[in-house]
Amino acid sequence: MKILITSIITISFLFIHSTQGYAQPNECPVLSDLMQTSIKDRKEVIEALNTLIPEIYGTGLDEYPGMYTEWNVVTAKPFPKTVGYKNEEDYFGMAKTFCGKEIAERSWLVRLNFPKAPGADLSQGQIFLAKSKEKGWFVWFRYH
């Protein structure tokens, strides 16, 4: 009986932890809906963040209201431009794994720093965005 109970607990433990997995987007963008962009669009991306960041992050957490009201852009570039930069190229790999190479190649990595946030974990943000032919810039994945 002890072996049976121990086995059930062990299997339950493994199942619960294995199903947590990695963060993934709820839905991938549709390739035919995306515009081709380039590094020349960086200023436009930066301007779009004024709308996108409050939509994606809100203003803060209950314990830290207002922590997302200020941000600094650490990186804003098309994913293909991240190649050769280890701390950025890994996100390109994630985007390709999540939604395929074609979607990733039409998407951007934006890395953020939130100076009002306490601690390193909360002060960093990474979002993947693309430009829709119909609706303009949108975030299709928030990593942190």
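## Observations regarding the environment of leucine 52
- With respect to the element layout, leucine 52 can be found in helix α2 (residues 42–57).
- With 87 residues separating them along the chain, leucine 52 and valine 139 place their C-alpha atoms 7.2 Å apart.
- Contact partners of leucine 52, with chain neighbours within four places excluded, come to Leu129, Trp137, Phe138 and Val139.

## Some remarks on the sheet that holds strand β1 (residues 72–78)
- Strand order in the open sheet formed by four strands is β1-β2-β3-β4, with antiparallel pairing between adjacent strands. Each edge of the open sheet is held by one strand with a lone partner, namely β1 and β4 (136–142). Taken pair by pair, the neighbouring strands of this sheet meet at an average axis angle of 30°, ignoring direction.
- By the bridge criterion, six bridges tie β1 to strand β2 (residues 107–113) in an arrangement that is antiparallel. Note on β2: the bridge partner recorded for valine 73 is leucine 112.
- In the packing of α2 onto the sheet, contacts are made with β1, β2, β3 (124–132) and β4, and the angle to β4 comes to roughly 55°.

## Describing helix α3 (residues 86–99)
- In a regular helix each residue adds 1.5 Å, so 14 residues correspond to 20 Å; α3 covers 20 Å between its end C-alpha atoms and thus fits that length.
- Three or more residues of α3 are buried, namely Glu88, Tyr91, Phe92, Met94, Ala95, Phe98 and Cys99. The arc that holds the buried residues of α3, viewed along the axis, is 160°, so those residues lie on one side. Exposed and facing more than 90 degrees away from the buried side of α3 are Lys86 and Thr97.
- Glycine 100 lies just past α3 and shows a positive phi near 95°.

## Some points on the pattern of salt bridges
- Under the criterion given, the structure shown has six salt bridges.
- For lysine 131, the salt bridge goes to glutamate 44, with nearest N and O atoms at 2.5 Å. Of this pair, lysine 131 sits in strand β3 while glutamate 44 is found in helix α2, placing the two residues 87 residues apart along the sequence.
- On the basis of relative accessibility, which here comes to 16%, the residue lysine 131 falls in the buried class.
- Note on glutamate 44: relative accessible area 30%, which makes it partly exposed.

## Some thoughts on the confidence of the model for the protein chain
- When pLDDT is averaged across the protein chain, the result is 86; 83% of the residues are at 70 or more.
- When pLDDT is averaged over each element of the protein chain, helix α4 (residues 101–105) comes out on top at 98 and helix α1 (residues 2–20) at the bottom at 38.

## Remarks on the side chain of arginine 111
- In this structure, arginine 111 sits in strand β2.
- Leaving out residues up to four positions away in the same chain, arginine 111 has contacts with Asn72, Val73, Val74, Thr75, Asn87, Glu88, Tyr91, Gly125 and Gln126.

Calculation criteria
- Residues numbered from 1 in each chain as written.
- Predicted model: local features only at pLDDT ≥ 70, side-chain atom pairs only at ≥ 80, totals over all residues.
- Heavy atoms only, no water.
- Helix = DSSP H or I, 4+ residues; strand = E, 2+ residues; numbered from the N terminus.
- Contact = heavy atoms within 4.5 Å.
- Pairing = 2+ DSSP bridges.
- Axes fitted to C-alpha atoms, helices over the stretch in contact; angles between N-to-C directions.
- Expected span 1.5 Å × (residues − 1).
- Buried < 20%, exposed > 50% of the residue type's maximum accessible area, 1.4 Å probe, protein only.
- Arc of directions from axis to C-beta.
- Salt bridge = Lys/Arg side-chain N within 4 Å of Asp/Glu carboxyl O.
- pLDDT = per-residue confidence, 0-100.

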